[in-house]
Amino acid sequence: MPLFSRLRSQQGLAAVGATLLGYGVMILAGVLGLVFPYAVAAAVALGGELALATRYGGTAQLLAKAGVGWTFRRLVRDLSVALLVIAAVRPGVAGTIAVLLLPAALWTLAVGTTAVTKSVEGRVDPPAFTRNIDLGALRRVPVPPAWARHLAGLRLPLLNVLLVPAAVVAAAADRVTPVVVTGLVTLAAGLVTAAVLALTMLRGRGTSPGVLPAVHDWLAREKPEVALYFAGPAKDVYQANMWLAPLAATGRRAVVLLRAAEAFPQLADTRLPVICVPAGVDFMNLDLGSLRVALYAANVGANIHLLREPGVKHVFVGHGDSDKAASVNPYSKVYDEVWVAGPAGRERYARAGVGVLDRDIVEVGRPQLAGVHTFGSGAADHLFTVLYAPTWEGWLDDDPFHTSLVLMGERIVSGLLSAGNLRVVYKPHPLTGTRSPKAKAAHERIVARIRAAGGETDPDSLDGAAHLVVTGRTPSLFDCFNVTDLLVSDVSSVVSDFVQSERPYVVANPAGLPEDDFRRQFPTARAAYLLSADGGELAKILDVTRGGDDPMAEARRELKEYLLGPVGSNPMDRFRDEIGRLCG
């Protein structure tokens, strides 16, 4: 896979080189009036453009950052057309003016339609999105045809590509007519596009979809008490998804508030009403006076738009307790309360000293874990199953040990596959590979190994005995827990949650810390089998856990209470009670 990536990168650079060289030769051949070299260079340049648009988008983006984006390249193309026709055909004054002004006129239309498009889209794109909410009949806003919206703006000069073959024909025939006729045709197409957009703008002048007024009416009518607030991007929406079911189970009048339009369709299925308002001004003008409790799943800057609401108890619930530094973010002190699963979360904040007061910490357990089976409650005749669920590479570039995936992942999976008589389920963190090419490459190699061993990718269920790669929203992580006999993971909330099952688990130690230091620094590993970077302990761990002689069983039961709260208490009841306390 790395070789393939390098190959694609080299091919992309070759496409860039050929494209820029082609444009350079087009300008030079145009100045000199050389038809054949111009035609060859044009074919190379346009072929390179096609390759960049269809196969090497990332490389094309680098060109744009370097100031040689497609707008600049199209200007160079149109300039070369004018140079070739003027040098080779030597048209009169009228012909020269036509050759210069026709492409320029289309560029002028492009600038004009850019402004018109922004005006139209400002009305067409709704300021809010909703789910499970009856907003009644909304006003319809005129929408231009899809082809007009796609062609408008600085994409319009793409039509001028027709001038290139027209210029070659004109130079070969020593007549300016082919370029003038083609220029008139492209200008006419541009005028039609501009007219359609302008008419749409005039028809819809003074109207808007009316979504926000309808949302205001719904809030005033339904008066939600509790809100789950999430302002993160689509890739992080799993952080909000884990709280949908617990919130719905409280029985309170609740609403989910989102801020990113791209996150809205990614939110998991829920019966809760959902409102997404991307613009900060629009959101801050919502009447949220009925809210008593706001739950925050992530620390992001846009949280301030709800934190400013008086009369609301702002509670950070996070997206999982772990020993990572993110679980004790100093940002957390802006909330009225911070809810953690058990005593471990409380002590974690005390050790970190980030300004979160002990009196503001509430232990509520993990209501999401109600469906995770405890040790021995699963079927006894299934194939021994090992779940490898590494965390992602993290935000910091100087933390190579944040995940086991890069340094150990392939070795872990290879060792499991070669052990025989077991099933491997690989479920990486949703953000895996989003920041680190090395993590992405390691993930792809692991997927290839599992597939080569007869495994399945993106299964609909966990049934059967085949090795699995689970990367989608479903089956969920907790579904995977219920078929797992042994977990292999990193320092993350996956470990804390898995302790609910009381089954054995392994925590990777890629940094090679001494065992006592590792367990002291990361309390979630107190009842874990530790795996060093070379994976040498894996075979012995498999023998112990498959043989039923598990010396860590009692330690896991003790750790469960430390991480998740008192044994026997129902975390959903605790969560519901705490919501009720704040609602009054």
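As a reminder, the structure under discussion sits directly above these lines.
If you're wondering where the values come from, they're calculated on a predicted model, not measured in any experiment. (Residues numbered from 1 in each chain as written. Predicted model: local features only at pLDDT ≥ 70, side-chain atom pairs only at ≥ 80, totals over all residues. Heavy atoms only, no water.)

Colleague: Explain the sheet that holds strand 2 (residues 226-230) to me, and be specific about the residues and the numbers.
Modeller: Think of a sheet as strands paired side by side through backbone hydrogen bonds, with each pair either parallel or antiparallel. Here eight strands make up an open sheet; going across it, the order is 1-4-3-2-5-6-7-8 and the pairing mixed. At either end of the open sheet lies a strand with only one pairing partner, and these are strand 1 (129-131) and strand 8 (361-363). For this sheet, the mean angle separating the axes of adjacent strands, direction not counted, is 25 degrees. Two strands pair when backbone bridges link them, and strand 1 and strand 4 (residues 274-276) are joined in this way by three bridges, in the antiparallel orientation. Bridge pairing in strand 4 places Thr 130 opposite Ile 275. Set on the sheet, helix 22 (residues 571-583) makes contact with strand 2, strand 5 (293-296), strand 6 (313-316), strand 7 (337-340) and strand 8; between it and strand 7 the angle comes to about 170 degrees. (Pairing = 2+ DSSP bridges. Helix = DSSP H or I, 4+ residues; strand = E, 2+ residues; numbered from the N terminus. Axes fitted to C-alpha atoms, helices over the stretch in contact; angles between N-to-C directions. Contact = heavy atoms within 4.5 Å.)

Colleague: How would you sum up the sheet that holds strand 14 (residues 505-509)? Please name residues and give values.
Modeller: One open sheet accounts for seven strands, arranged 11-12-10-9-13-14-15; its pairing is parallel. Of all the strands in the sheet, the pair left with one neighbour each is strand 11 (456-457) and strand 15 (529-532). For strand 11 and strand 12 (residues 468-469), the ladder comprises two bridges, and the chain directions are parallel. Across the sheet, Thr 457 pairs through a bridge with Val 469, a residue of strand 12. Contacting strand 9 (385-389), strand 10 (423-426), strand 13 (486-489), strand 14 and strand 15, helix 15 (residues 405-419) crosses the sheet at an angle of about 170 degrees to strand 9. Across the sheet, helix 20 (residues 538-547) touches strand 9, strand 13, strand 14 and strand 15, and the angle it forms with strand 15 is around 160 degrees.

Colleague: Give me the lowdown on a nonpolar patch on the surface, citing residues and values where you can.
Modeller: On the surface, Ile 86, Val 93, Ile 97, Leu 100 and Leu 101 cluster together into a nonpolar patch covering about 450 Å² of accessible area. Within the fold, Leu 100 resides in helix 5 (residues 93-124). (Patch = residues over 30% accessible without salt bridge, like charges linked within 9 Å, V, L, I, M, F, W, Y side chains within 5 Å. Areas by Shrake-Rupley, 256 points an atom, 1.4 Å probe, with all protein chains shown as cover. Salt bridge = Lys/Arg side-chain N within 4 Å of Asp/Glu carboxyl O.)

Colleague: Summarise the pairing of strand 9; cite the residues concerned and give the values.
Modeller: In terms of burial, strand 9 is a largely internal element, five of the five residues being buried. Burial along strand 9 is two-sided: the residues Thr 385, Leu 387 and Ala 389 and Val 386 and Tyr 388 are all buried. The sheet contact formed by strand 9 and strand 10 spans four bridges and is parallel. Along strand 10, the bridge assignment pairs Leu 387 with Val 425. Taken together, the four bridges between strand 9 and strand 13 define a ladder with parallel strand orientation. The residue bridging Ala 389 from the neighbouring strand is Ser 489, located in strand 13. (Buried < 20%, exposed > 50% of the residue type's maximum accessible area, 1.4 Å probe, protein only.)

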